[in-house]
Amino acid sequence: MELAVTTEQGRVPVTVLHVKGNLDSTTFLTFQNEAEKLISGGTQDLLVDLNEVPYMSSAGLRALNHIYNLLRAKNEDQATVTKGLVNGTYKSPHLKLLAPRPRVKDTLKMSGLDMFLDIRSDLKDAVAAF
Amino acid sequence: MRARAGVTRSPLRLTRTFEGSLEQLALMREFVVETAQVLGGNQEDAFACELATDEAATNIFNHAFETGQGRITLTMWRQDAQVVTRLHYQGRSFDPSRIPEPSLTGPLEERPAGGLGLYFMRQLMDQVDFEFDAVNGNVLTMRRILNIPERYGFMELQIERPSGNIAVIHVKGSVDGSNFKQLIEQVETLIPQGVERVALEISGCEYMSSSGLVALNAITKLLRGERAPDPENGWAVLKTLDDARSAPATAKPTLALINPTPRVDRVLDLAGLKNIIPTYSDTASALAALG
């Protein structure tokens, strides 16, 4: 698995983490550590580009969930989040996913992560959504 | 000839042992994807087996083996319409009923490791069974009902005799565990009639399971004047196809395939048969090669 980082300017600066290769139990930690490094370096809004990920297991989903938790806004009201989750209206404002392939999308759906992670197919559109 | 699905007993059982740690995962997945397709699964079935095996093996390496190192023997076979994937290993046991179902309605909070993996296994498979045995080893068996075509078990054979020693058999429908022997028998009845070379026109064959591959091997042997191997010998039967490679390069092929569908073509390719049995896109070129 290879990782690359770019930045985009929308309403806010968005860090794009491009993943190339399988996200499984042998690679998720490298991915998760890179995201942690970005967040501790000041990234507040992260777009994970999954376009070149042919395969993702639950290990990759756990990493995404961990990153989601790190990016949760400090002032985010837990009650509002929970209510939004129940209503299906809440999506993380700080972590979004770009262009997962069909199999990876199926895996995201099976885990339920798609319920709170916004999935966008277009880079510009994804950046504008932050 | 029309055959109806009976009790399917696929003769193939494929086993491979993986020793090491998580770095074995990629090899295990590759084995499972290929085998699931050779056993008659489509790409969706193969993906389901791939992900479920990955989740199972990840849990075993991480939690069952004290050092993260160990040996897992992976076996796959067909049982009726199911593909069965079995992992056999020595290691710590656990109580699957005590792994809570993950909450899927929100962000996952901290929970015992393996929960999401186990959930995936149960989502992707129709049945998941654990048997723990400290002496003989633990066995995890996962069964999935394959996406098999509606015409499973229906095979139609039509014979054409373009010249004295050549027969073209048009195969329609599905060549699978319920009827592959009839295809072999068809060739057996043609040989005493003077047939020495056979072209199987399979453009109308939507589905070919591993049993169909066994039939192709048996036909190759029959046409070379050898006895057909006992199809119950399973994978060993297919392995004897290696004999075909040692045949003189100048020898004309005795069996040719015409126009396989993409799905069947993929199965032939994965099983390595495309290197052994020549395949042609039309009848004329197949007859030219055989004649």
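The shown structure was predicted, so the numbers you read here are calculated from the model rather than taken from an experiment.

(A) Summary view of the overall build of chain A. Looking only at helices and strands, chain A features five helices and five strands. Beginning at the N terminus, the succession of helices and strands in chain A can be written as β-β-α-β-α-α-β-α-β-α. Counting the 130 residues in chain A, one finds 48% classified as buried. A separation threshold of at least 6 residues defines the contact pool for chain A, and within that pool the share at least 24 residues apart is 68%. Only carbon and sulfur atoms are counted for the fraction: they give 51% of the accessible area of chain A, which is about 6100 Å².

(B) Representation of the pattern of salt bridges within the structure. Applying the stated criterion across every chain, the model contains 14 salt bridges over all chains. For arginine 120 of chain A, the salt bridge is made with aspartate 125 of chain A, and the minimal N-O distance between the two is 3.2 Å. Residue arginine 120 of chain A is classed as partly exposed on the basis of its relative accessible area, which comes to 23%. Several salt bridges share partner residues, and in doing so they unite Asp24 of chain A together with Arg29, Glu50 and Asp54 of chain B into one network.

(C) Quick look at the sheet that holds strand β1 (residues 2-9) of chain A. All names here are of chain A. Pairing is mixed across the open sheet formed by five strands, whose spatial order is β1-β2-β3-β4-β5. Either end of the sheet is taken by a strand with one partner, and the two such strands are β1 and β5 (118-120). Across this sheet, the average inter-strand angle for adjacent strands is 25 degrees, counted without regard to direction. In terms of strand pairing, β1 meets strand β2 (residues 13-20) through eight bridges, oriented antiparallel. Across the sheet, residue threonine 7 finds its bridge partner in β2, namely threonine 15. Its contacts with the sheet place helix α2 (residues 58-71) against β3 (46-52) and β4 (95-98), and it is angled at close to 140 degrees to β4.

(D) Main features of empty space enclosed by the protein. Residue and element names in this part refer to chain B. Tallied over the full model, the rule gives one cavity of 30 Å³ or more. As a volume, the largest cavity reaches approximately 30 Å³. Taken together, Gly41, Tyr207, Met208, Arg263, Val264 and Val267 make up the lining of the largest cavity. Secondary-structure elements contributing two or more residues to the lining of the largest cavity are β8 (197-208) and α8 (262-270). Of the residues forming the lining of the largest cavity, the biggest block, three residues, is contributed by α8. When the residues that make up the lining of the largest cavity are grouped by side-chain class, the tally is four nonpolar, one polar and one charged.

(E) Region of interest: the packing of helix α4 (residues 102-111) of chain A against helix α2 (residues 43-64) of chain B. At a minimum axis separation of 12 Å, α4 of chain A and α2 of chain B run at an interaxial angle of 55 degrees. Here α4 of chain A is positioned oblique relative to α2 of chain B, judged by the angle of their axes. By crossing handedness, the relation of α4 of chain A to α2 of chain B is classed as right-handed. Within the contact between the two elements, α4 of chain A uses Arg103, Thr107 and Met110 of chain A and α2 of chain B uses Gln43, Glu44, Phe47 and Leu51 of chain B. A per-class count over the contact of α4 of chain A with α2 of chain B returns three nonpolar, two polar and two charged.

Cut-offs used in this document
Residues numbered from 1 in each chain as written. Chains lettered and ligands numbered in written order. Predicted model: local features only at pLDDT ≥ 70, side-chain atom pairs only at ≥ 80, totals over all residues. Heavy atoms only, no water. Helix = DSSP H or I, 4+ residues; strand = E, 2+ residues; numbered from the N terminus. Buried < 20%, exposed > 50% of the residue type's maximum accessible area, 1.4 Å probe, protein only. Contact = heavy atoms within 4.5 Å. Areas by Shrake-Rupley, 256 points an atom, 1.4 Å probe, with all protein chains shown as cover. Salt bridge = Lys/Arg side-chain N within 4 Å of Asp/Glu carboxyl O. Pairing = 2+ DSSP bridges. Axes fitted to C-alpha atoms, helices over the stretch in contact; angles between N-to-C directions. 1 Å grid on protein atoms, 1.4 Å probe; cavity = no way out; pocket = protein on both sides within 12 Å on 5 of 7 lines; lining within 4 Å. Points joined across faces, edges and corners; volume = space filled by probe spheres on them. Nonpolar A, V, L, I, M, F, W, Y, C, P; charged D, E, K, R; others polar. Parallel < 35°, antiparallel > 145°, perpendicular 65-115°, else oblique. Left-handed = near helix turned anticlockwise from the far one by under 90°.

So yeah, pure geometry; function would need other evidence.
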